[in-house]
Amino acid sequence: RIARAADALRRLSYFRDLLVEGFRSARDLDLFSNSLRGERLALGIDLPELDAVGLWSARAGDGSLSIPFIEYILGQIVTVIDTFCADLDDRRANGELLAERQALDEALHEANRGGPTALALPHLGDNFLPEPFLARLCVAGGLIDRTVEACRGLLRG
C-alpha cells in the first residue's frame, strides 16, 4: 500500500506542476513554456493534449486567466488525494488532508464550467477565472503545494 501511496503522490505532484505551469504561462505569456511530457509518459497518462497546457494558457483583457483543462486537472487532484488516503489507510492522513481536500473540492466546483464531461476527459474551452482565485491554488505555498507537502510528510511517517 505504501508503494501505491507513493505513486499517488507522484501523480499528485505531476498535476500540481501542470497547473502551476499553466498559471505561470498565463500570467506571463513571454515566458517559455515547459513541457511535462516525460513525467506524463512515465506515469502512464495517455493524454498528449496535457502537454500543451502551458502553450494554450491565456490572459483576458480583464486580467482573468484561462488554464486549459483546469476542470480535469483539479478533478484529478481531488481523486488522487482520495486514492492517496485510501492507500495509506491512515486516519491521521484523512484528518490532516480533510481541510485541503474540501477546499480543493470547492475550487473544483467554482472552476467547473464544463460539467461532468470536463471532469472525465480534458475539455478545451475558454474558461477564464480570476487571477486571485488561481493564485490561491497555484503559487508556491498555495493550497495545492501545501497539499502535496502534507502528503509527502505523511508518507515519510
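Look up: the structure comes first, before these words.
What you see is a predicted model; the values in this text were computed from it and never measured.

Procedures and definitions
Residues numbered from 1 in each chain as written. Predicted model: local features only at pLDDT ≥ 70, side-chain atom pairs only at ≥ 80, totals over all residues. Heavy atoms only, no water. Helix = DSSP H or I, 4+ residues; strand = E, 2+ residues; numbered from the N terminus. Buried < 20%, exposed > 50% of the residue type's maximum accessible area, 1.4 Å probe, protein only. Contact = heavy atoms within 4.5 Å. Pairing = 2+ DSSP bridges. Core = buried A, V, L, I, M, F, W, Y, C linked by side-chain atoms within 4.5 Å. Salt bridge = Lys/Arg side-chain N within 4 Å of Asp/Glu carboxyl O. Phe/Tyr/Trp six-rings, centres within 6.5 Å; stacked < 30°, edge-to-face > 60°.

Caption draft 1: The side chain of Ser13, seen in detail. Within the fold, Ser13 resides in helix 1 (residues 2–27). Take Ser13: its relative accessible area is 11%, and that puts it in the buried class. The contacts of Ser13, once residues within four sequence positions are left out, are Val148 and Arg152.

Caption draft 2: Inspection of the sheet that holds strand 1 (residues 58–59) at higher detail. Strands sit in the order 1-2-3 across an open sheet of 3 strands; the sheet is antiparallel. The open sheet has two edge strands with one neighbour each: strand 1 and strand 3 (128–129).

Caption draft 3: Highlighting the nonpolar core. Formed by 46 residues in total, the largest nonpolar core has its most connected members in Phe15, Leu19, Leu50, Leu74, Ile77, Phe84 and Leu137. Of all the secondary structure elements, the ones that give two or more residues to this core are helix 1, helix 4 (70–88), helix 5 (91–111), helix 7 (131–138) and helix 8 (143–156). At 11 residues, helix 4 tops the list of elements feeding residues into this core. Ignoring anything within four residues of it in the chain, the contact list for Ile77 reads Leu12, Phe15, Arg16, Leu19, Leu104 and Ile144.

Caption draft 4: Structural view of the pattern of salt bridges. On inspection of all chains with the given rule, the structure shows 12 salt bridges. When the shortest N-O distance is used, the salt bridge between Arg27 and Glu131 registers 3.0 Å. Of the two residues, Arg27 is situated in helix 1 and Glu131 in helix 7; the sequence distance between them amounts to 104 residues. Given the relative accessible area of 42%, Arg27 is considered partly exposed. Beyond isolated ion pairs, a larger network of salt bridges with shared partners links Arg16, Asp17 and Asp145.

Caption draft 5: Looking closely at the packing of aromatic side chains. Tallied over the full model, the rule gives 3 aromatic pairs. Measuring from centroid to centroid gives 5.0 Å for Tyr14 and Phe15, while their planes differ by 70°, and the two rings are edge-to-face. Summarising the aromatic geometry, the rings of Trp56 and Phe69 are spaced 6.1 Å apart at their centres and angled 65° between planes, so their arrangement reads as edge-to-face. Of this pair, Trp56 sits in helix 3 (residues 53–56) while Phe69 sits in the loop between strand 2 (65–66) and helix 4, and the two are 13 residues apart along the sequence. Of the residues examined, Phe69 reaches a relative accessible area of 3% and is grouped as buried.

Caption draft 6: Fine view of the environment of His109. Its place among the elements puts His109 in helix 5. Take His109: its relative accessible area is 67%, and that puts it in the exposed class.

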